[in-house]
2 protein chains.
Amino acid sequence: MKIGELARRSGRSAHTLRYYERIGLLPPPRRDGSGQRDYDASVLVWLAFLERLRATGMPIREMLDYAALRARGEDTALERCALLEAHRDRVRAHVRLLQASLEVLDTKIEGYHAAHHERTPGT
Amino acid sequence: MKIGELARRSGRSAHTLRYYERIGLLPPPRRDGSGQRDYDASVLVWLAFLERLRATGMPIREMLDYAALRARGEDTALERCALLEAHRDRVRAHVRLLQASLEVLDTKIEGYHAAHHERTPGT
DNA sequence: GCTTGACCTGGAGTGCGCTCCAGGCCGTAA
DNA sequence: TTACGGCCTGGAGCGCACTCCAGGTCAAGC
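Numbers given for residues are sequential positions, taken from 1 along each chain in its written order. Lettering of chains starts at A and numbering of ligands starts at 1, both following the order in which they are written. Predicted model: local features are reported for residues with pLDDT of at least 70 only, side-chain atom pairs are reported and counted for 80 or more only, and whole-chain, interface and lining totals are derived from all residues. Hydrogens and waters are ignored; side-chain quantities use all the structure's heavy atoms.

Asks: So what about the overall build of chain A? Which residues, and what values?
Replies: From N to C terminus, chain A includes five helices and two strands. Its helices and strands taken in sequence order, chain A reads α-α-β-β-α-α-α from the N to the C terminus. Only the C-alpha atoms count toward the radius of gyration. The rule for a globule is 2.2 Å times the residue count to the power 0.38. Against the globule reference of 14 Å for 123 residues, chain A gives a C-alpha radius of gyration of 22 Å, more extended than a compact globule. By principal-axis analysis of the C-alpha atoms, chain A measures approximately 75 × 35 × 20 Å. Under the scheme applied here, a residue whose accessible area is under 20% of the maximum for its type counts as buried, over 50% as exposed, and between as partly exposed, the area being computed with a 1.4 Å probe on protein chains only. Looking at chain A residue by residue over its 123 residues, the buried ones come to 37%. Any pair of residues with heavy atoms lying within 4.5 Å of one another is described as a contacting pair. Pairs at least 24 residues apart make up 45% of the contacts formed inside chain A by residues separated by at least 6 positions. For chain A, the accessible area works out to roughly 7200 Å², and carbon and sulfur atoms hold 53% of it. Distance between charge centres in chain A, computed from 21 positive and 17 negative side chains, equals 6 Å. Labels follow the DSSP assignment, with helices taken as runs of H or I lasting at least four residues and strands as runs of E lasting at least two, numbered in each case from the N terminus. Per-residue and other accessible areas were derived by the Shrake-Rupley procedure at a 1.4 Å probe size, with only the shown protein chains allowed to occlude residues. Only four residue types enter the charge count: Lys and Arg as positive, Asp and Glu as negative, with His and the chain ends excluded. One atom stands in for each charge, and that atom is NZ of Lys, CZ of Arg, CG of Asp or CD of Glu.

So, in structure tokens, the structure goes:
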């Protein structure tokens, strides 16, 4: 598939896909007769996984580390696993922080409602 | 209190505090005889609240909106409340996305462990 | 008197993750 | 044949949230 279709199907722009390739996050695909990128469908799986890492706040630098280990072969599995576990721990901590902050927000919002009811008794 | 102490007590750098003041996120404090900032302790509460907004991913632009409403007085309470509620909804959605991504990560990590056990039977 | 450290200003620089531009090529449809 | 959309490259530009710099002032301690 060409870059436009991959962009549509992966939810990224063609610009971003070329950028990912340039920095080494996406393997260079083969080219067709006129030099255009011709992607294998399997790259969609990789992109979906990268999106999960991105959504959870992993910096590109670290995705590159992961991609490099992956490219080095099967015997880096333990290292890749450790990298993901460390990331997961950070994400869990982040979620806990967000939940604590949500409680503060709830309290604040509740305070606004209470003040409003006080100014407009009977509502 | 001077900027250095406020920086220590609020967990920000003096640079950042001056930056916040410059962009209008922090009210300009009075100055002492030699022109140095002299903060009231109450600003710590405001900074702690801003930190919650920041931790939950609110852009500075929106914090400025909130600060502007606050500066306009009591009768903006409903608008401020609405702003916080909209933000809270976004944060909740973000947390749900993170939790879904955590499950994907868990599955991936579990896969690594399973593969490892398969290669090293008996462990 | 001198050093040290904290503070002051305006403005430049940084790191991240894109995003876009100029200028050009290629294949298809009208 | 000409227009059009999609693709190509290298490199510049952007928005965010700081972060730091140069060059200076000031107060306190030795």
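Asks: Let's hear about the relation of the copies chain A and chain B: which residues, and what values?
Replies: Alignment of the copies relies on least squares applied to C-alpha atoms, considering only residues that score at least 70 for pLDDT in both. Superposition record for chain A on chain B: RMSD 0.0 Å, screw rotation 180 degrees, translation along axis 0.0 Å. Such a turn and shift between the copies fits a two-fold axis. No C-alpha of chain A lies nearer the rotation axis than that of Val95 of chain A, which sits 3.2 Å from it. When the interface residues of chain A are mapped onto chain B, 100% of them again lie at the interface, so the same face is used by both copies.

Asks: Now, about the packing of helix H1 (residues 3-10) of chain B against helix H3 (residues 43-55) of chain B: what can you tell me, with residues and values included?
Replies: Residue and element names in this part refer to chain B. Here H1 crosses H3 at 45 degrees, and the two axes come no closer than 10 Å. Considered as vectors, H1 and H3 are oriented oblique to each other. The two elements H1 and H3 cross, and the hand of that crossing is right-handed. Side by side, H1 and H3 meet where Leu6, Arg9 and Ser10 of the first sit next to Val43, Leu44 and Leu47 of the second. Charged residues are taken to be Asp, Glu, Lys and Arg, nonpolar residues to be Ala, Val, Leu, Ile, Met, Phe, Trp, Tyr, Cys and Pro, and polar residues to be all remaining types, Gly included. Here the residues of the contact of H1 with H3 sort into four nonpolar, one polar and one charged. Think of each axis as a best-fit line through the C-alpha atoms, taken over the contacting stretch in the case of a helix, with angles from 0 to 180 degrees between the N-to-C directions. Roughly parallel here means an angle under 35 degrees, roughly antiparallel means over 145, roughly perpendicular means 65 to 115, and every remaining angle is called oblique. Crossings are sorted by hand: turned counterclockwise from the far helix by less than a right angle, the near helix makes the crossing left-handed, and turned clockwise it makes it right-handed.

Asks: Could you give an account of the packing of aromatic side chains, with specific residues and numbers?
Replies: Two rings from Phe, Tyr or Trp (for Trp, the six-membered ring) form a pair when their centres are within 6.5 Å of each other. A pair whose planes differ by under 30 degrees is stacked, one over 60 is edge-to-face, and the rest are tilted. Counted by the stated rule, this structure contains eight aromatic pairs over all chains. A ring pair is formed by Phe49 of chain A and Tyr66 of chain A, whose centres lie 5.4 Å apart and whose planes are at 50 degrees; its orientation type is tilted. A residue pair is termed long-range when its members are at least 10 positions apart, and Phe49 of chain A in helix H3 (residues 43-55) and Tyr66 of chain A in helix H4 (residues 60-72) qualify at 17 residues. Judged by its relative accessible area of 1%, Tyr66 of chain A is buried. The interplanar angle of 15 degrees and the centroid separation of 6.1 Å between the aromatic rings of Trp46 of chain B and Tyr66 of chain B together place this pair among those described as stacked.

Asks: Before we move on, could you go through the protein's contact with DNA strand D and cite the residues and values that matter?
Replies: What makes a residue near a molecule or strand is one non-hydrogen atom of that residue sitting within 4 Å of it. Lining the immediate surroundings of DNA strand D are 18 residues, of which Gly4, Arg18, Arg31 and Arg37 of chain A together with Arg61 of chain B lie closest. Sugar plus phosphate: this is where 77% of the atoms of DNA strand D within 4 Å of the protein reside. N or O atoms within 3.5 Å of each other form a polar contact, as long as, within protein, one can give a hydrogen and the other can take it, and as long as residues adjacent in sequence are counted only when both atoms are side-chain atoms. Between DNA strand D and the protein, one listed contact pairs a phosphate oxygen with a side-chain N or O atom of Tyr20 of chain B at 3.0 Å. At 3.2 Å from a phosphate oxygen of DNA strand D is found a main-chain nitrogen or oxygen belonging to Ile60 of chain B. No other element matches the five residues that helix H2 (residues 14-23) of chain B contributes to the surface near DNA strand D. In terms of residue class, the surface near DNA strand D is built from five nonpolar, six polar and seven charged.

Asks: Could you give an account of the protein's contact with DNA strand C, with specific residues and numbers?
Replies: Lining the immediate surroundings of DNA strand C are 17 residues, of which Tyr20 of chain A together with Gly4, Arg18, Arg31 and Arg37 of chain B lie closest. The contact atoms of DNA strand C, taken as those within 4 Å of the protein, divide so that sugar and phosphate hold 76%. Between DNA strand C and Tyr20 of chain A, the relevant distance is 3.0 Å, taken from a phosphate oxygen to a side-chain nitrogen or oxygen of the residue. In the model, a phosphate oxygen of DNA strand C is placed 2.8 Å from a nitrogen or oxygen of the Arg18 of chain B side chain. Looking at the surface near DNA strand C, the elements that each hand over two or more residues are helix H2 (14-23) of chain A together with H1 of chain B. With five residues, the top contributor of residues to the surface near DNA strand C is H2 of chain A.

Asks: Help me get a handle on the side chain of Arg12 of chain B, residues and values and all.
Replies: Looking at where Arg12 of chain B falls in the secondary structure, it is placed in the loop between H1 and H2. A polar contact of 3.2 Å, which involves the side chain of Arg12 of chain B, links it to the side chain of Glu51 of chain B.

Bear in mind that shape data such as this cannot, by itself, settle questions of function.
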